[in-house]
Amino acid sequence: MLGEWVIITPKRAKRPFQKKERQCPFCPGQKETQGDWKVLTLENRFPALSPGVGPMPLDGDIVMEAPAYGVCKVIVTSPEHDTQIEDMSDEQVGLIMNEYTRVFKELDALKGIEYVFQFENRGKAIGVSLNHPHAQVYAMPFIPPRIQREIYQAERLWESEEECVICQIISNELKSATSRIITKTDNFLAVVPFFARLPYEVHIYPFSHVSSLLQMKEQLLELGKIIRDIARRYNKVFDENAYIMAFHTRPSKRKYPYWHFHIEFYPPWRDRTRIKYLGGVETGSFTYTNDSSPEAIAKELREAV
Ligand SMILES: [Zn+2]
Ligand SMILES: [Zn+2]
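Now for a look at the structure at hand. (Residues numbered from 1 in each chain as written. Chains lettered and ligands numbered in written order. Predicted model: local features only at pLDDT ≥ 70, side-chain atom pairs only at ≥ 80, totals over all residues.)

**Thoughts on unusual backbone geometry**
So, point 1. Positive phi is not limited to glycine here, since Glu162 has a value of about 55 degrees.
So, point 2. Along the chain, the position of Glu162 falls in the loop between α2 (145-161) and α3 (165-175).
So, point 3. One non-glycine residue, Phe286, adopts positive backbone phi at about 60 degrees.
So, point 4. Looking at the secondary structure, you find Phe286 in the loop between α5 (280-285) and α6 (294-303).
So, point 5. Note on Phe286: 9 C-beta atoms within 10 Å, which makes it exposed. (Helix = DSSP H or I, 4+ residues; strand = E, 2+ residues; numbered from the N terminus. Buried ≥ 20, exposed ≤ 12 C-beta atoms within 10 Å, placed from the backbone.)

Here is the structure:
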């Protein structure tokens with residue numbers, strides 16, 4: 001009805017929700033985690049999308065149903081069950097970023113894949129089924145709606161003014177007197193965007209106009225370190241750390257000159273302990289009400305060191 005795909009996966013209801021530590025399938029020495037490794041990519045055993053069904057026939061006018069083609073992988077980001085990114089070494093952070101890049105490159109080239117979505121779900125508050133630090137990758141046979149919306153906006157500005165919307169946001173944030181900047185490094189900026197939908201939403205933008213991890217070889221470690229920095233700040237302002245981290249990369253099969261790679265964090269919290277629930281306006285009309293000030297949240301996160 002909305003012109004978007006819904007992935008229907010009743011089988012995933014049977015995926016494991018970890019109860020005891022010894023049952024963790026990502027700890028070293030389990031069936032799929034033999035050998036010596038520091039970062040390990042596994043097939044998702046309960047995939048929402050699978051390669052076996054073949055590329056989707058999406059040429060018709062209105063397709064009501066299609067087999068869920070795609071690839072789902074899990075990147076186990078540490079052999080240590082209880083070490084989250086904020087406590088990891090530079091070396092480990094570098095290895096994680098290299099693995100994100102390697103997996104992106106591999107899936108980006110697959111036939112029938114239109115978008116490689118990399119993300120991390122973290123914390124009980126957003127329903128994470130396994131505590132062991134891990135990220136996920138969905139290689140999708142379509143461009144997901146949130147990315148399509150970003151494409152639409154970026155393309156409009158690119159065509160009318162030959163400007164990149166994110167390059168403009170960066171330059172505005174650097175000039176703004178009321179700062180929404182949390183931190184910046186040589187190559188990256190972390191801000192609470194003025195259009196944040198959620199109170200603790202944070203975006204990381206590379207200063208250079210790059211469209212995917214593949215163009216950031218020299219800066220991958222620095223990107224990993226600024227991700228770690230944001231996770232550390234969240235640790236200080238929430239009683240229990242939880243967030244979704246989403247990589248917004250360019251789609252796969254053609255050139256998107258206006259695309260500017262970025263990372264978005266969506267924590268579920270409205271303050272230290274209270275959840276921000278999505279209510280009628282958000283869920284029923286896709287309109288967000290954010291009752292916090294991006295400037296005040298940026299200040300809180302800036303000072304959380
Ligand atoms: Zn584990
Ligand atoms: Zn740009």
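Now that the structure has been shown, the text picks up again.
**Comments concerning the environment of Arg250**
So, point 1. The residue Arg250 is located in the loop between β8 (243-248) and β9 (262-266) in this model.
So, point 2. The class of Arg250 is buried, set by 23 C-beta atoms lying within 10 Å.
So, point 3. For the pair Arg250 and Glu114, spaced 136 residues apart in sequence, the C-alpha to C-alpha distance is 9.7 Å.
So, point 4. With residues up to four places along the chain from it excluded, the contact list for Arg250 reads Ser211, Ser212, Tyr256 and Trp259. (Contact = placed C-beta atoms within 7 Å.)

**Description of the pairing of strand β6 (residues 188-191)**
So, point 1. Across the two faces of β6 the burial is the same, with Phe188 and Ala190 and Leu189 and Val191 all buried.
So, point 2. Of the pairings in the sheet, the one linking strand β5 (residues 181-184) to β6 comprises three bridges and is antiparallel in character. Bridge pairing links Lys184 to Leu189 in β6.
So, point 3. The hairpin formed by β5 and β6 contains three residues between the paired strands.
So, point 4. Sheet topology places β6 next to strand β7 (residues 202-206); four bridges connect them, and they run antiparallel. Residue pairing for β7: Phe188 is matched across the bridge by Pro206. (Pairing = 2+ DSSP bridges.)

**Let's talk about the packing of helix α1 (residues 90-108) against helix α4 (residues 220-237)**
So, point 1. Contact pair α1 / α4: the axes reach a minimum separation of 8 Å and the direction vectors enclose 110 degrees. In this view, α1 runs roughly perpendicular relative to α4, as classed from their interaxial angle. The hand of the α1/α4 crossing is right-handed. In contact with Asp90, Val93, Gly94, Ile96, Met97, Asn98 and Thr101 of α1, α4 contributes Leu220, Leu221, Leu223, Gly224, Lys225 and Arg228.
So, point 2. A class-by-class count of the residues in the contact of α1 with α4 yields six nonpolar, four polar and three charged. (Axes fitted to C-alpha atoms, helices over the stretch in contact; angles between N-to-C directions. Parallel < 35°, antiparallel > 145°, perpendicular 65-115°, else oblique. Left-handed = near helix turned anticlockwise from the far one by under 90°. Nonpolar A, V, L, I, M, F, W, Y, C, P; charged D, E, K, R; others polar.)

**Focus on the environment of Cys72**
So, point 1. Counting through the fold element by element, Cys72 comes out in strand β2 (residues 71-76).
So, point 2. Take Cys72: there are 24 C-beta atoms within 10 Å of it, and that puts it in the buried class.
So, point 3. Along the sequence, Cys72 and Ser50 sit 22 residues apart, while their C-alpha atoms lie 7.0 Å from each other.

Geometry only, nothing functional implied.
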